[in-house]
Amino acid sequence: QVQLVESGGGLVQAGDSLTLSCAASGRTFASYAMAWFRQAPGKEREFLATVTWSGGSTYYADSVKGRFTISRDTGKSMVYLQMDSLKPEDTAVYYCATRPAYISSSYDYTAYDHWGQGTQVTVSY
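Residues numbered from 1 in each chain as written. Predicted model: local features only at pLDDT ≥ 70, side-chain atom pairs only at ≥ 80, totals over all residues. Heavy atoms only, no water.

Details of the overall build of the protein
Using the following cut-off: Only DSSP runs of H or I reaching four residues or more are called helices, and only runs of E reaching two or more are called strands; each is numbered from the N terminus. Radius of gyration: over C-alpha atoms. The globule rule applied is 2.2 Å multiplied by the number of residues raised to the 0.38 power. Accessibility here uses a 1.4 Å probe with only protein chains present; expressed as a share of the type maximum, an area under 20% marks a residue as buried, one over 50% as exposed, and anything in between as partly exposed.
Of the regular secondary structure elements, the protein holds zero helices and 11 strands. When the helices and strands of the protein are listed from N to C terminus, the series reads β-β-β-β-β-β-β-β-β-β-β. Its C-alpha atoms give the protein a radius of gyration of 13 Å, within 12% of the compact-globule value 14 Å for 125 residues. For the C-alpha atoms alone, the extent of the protein along its principal axes is close to 40 × 25 × 25 Å. Across the 125 residues that make up the protein, the buried fraction comes to 43%.

A short note on the pairing of strand β1 (residues 3–7)
Rule in force here: Paired strands are those between which DSSP finds at least two bridges.
Because side chains alternate across β1, one face comprises the buried residues L4 and E6, and the other comprises Q3, V5 and S7, none of which is buried. Here five bridges tie β1 to strand β3 (residues 18–25), and the two strands are oriented antiparallel to one another. By the bridge assignment, L4 is partnered in β3 with A24.

Digging into the state of the cysteines
What is meant by a disulfide is a covalent connection between two cysteines, made through their sulfur atoms. Just so we agree on the cut-off: Counting rule for disulfides: a pair of cysteine sulfur atoms within 2.5 Å.
Applying the stated criterion to the full structure yields one disulfide. Here C22 engages in a disulfide with C96; their sulfurs sit 2.2 Å apart. Between C22 and C96, the S-S torsion sits near -75 degrees, and that sign places the bridge as left-handed. With C22 in strand β3 and C96 in strand β9 (residues 92–100), this residue pair connects regions lying 74 residues apart in the sequence. The same class applies to C22 as to C96, namely buried.

Topic: the sheet that holds β3
The criterion, for reference: Only C-alpha atoms enter the line fits that serve as axes; for helices the fit covers just the stretch in contact. Angles between N-to-C directions range over 0 to 180 degrees.
On the basis of which strands lie adjacent, the open sheet formed by four strands has the order β1-β3-β8-β7 and antiparallel pairing. A strand with exactly one partner marks an edge of an open sheet, and here the two such strands are β1 and β7 (68–73). The mean angle between the axes of side-by-side strands here comes to 15 degrees, regardless of whether they run parallel or antiparallel.

As for the side chain of R38
As a reminder of what qualifies: As used in this structure description, the phrase polar contact means that two N or O atoms lie within 3.5 Å; if the pair is within protein, one of them must be able to donate a hydrogen and the other to accept it, and residues adjacent in sequence are counted only when both atoms belong to side chains. Between two residues, a contact is recorded if the distance between any of their heavy atoms is within 4.5 Å.
Looking at the element boundaries, R38 is found in strand β4 (residues 32–39). With a relative accessible area of 8%, R38 lands in the buried category. Separated by 2.8 Å, the side chains of R38 and D90 make a polar contact. Of note is the side chain of R38, whose polar atom sits 3.0 Å from the side chain of Y94. Leave out the neighbours within four places in its chain, and R38 touches E44, R45, E46, L48, V64, F68, E89, D90, A92, V93 and Y94.

Read these as geometric descriptors, not functional statements.
Have a look at this one:
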């Protein structure tokens, strides 16, 4: 059974940095990609970044490119999202998700077959 467990959220001030973690278990992820999404109240779920488990290729949404960095540690089965220069508009619940790597439409949340429970990030002024 696939499990994704996010951690690391919290309350920070604008300009701060925060790193989210996602512990992945329950399958061999070599043929899969991992991604981070977020969802703010009243808004649609938004793609942020993706990384292939094998090879570590990354891709970012324009809205976070240059501020957020996705990475994975295959030995620990962990995926991370380093978030720098946080803004109040980054406030949301952040989710980790996984999809088969052959699916190239990383923006499409319906391509992802497993999700974590989410972790809240709140950025104050």
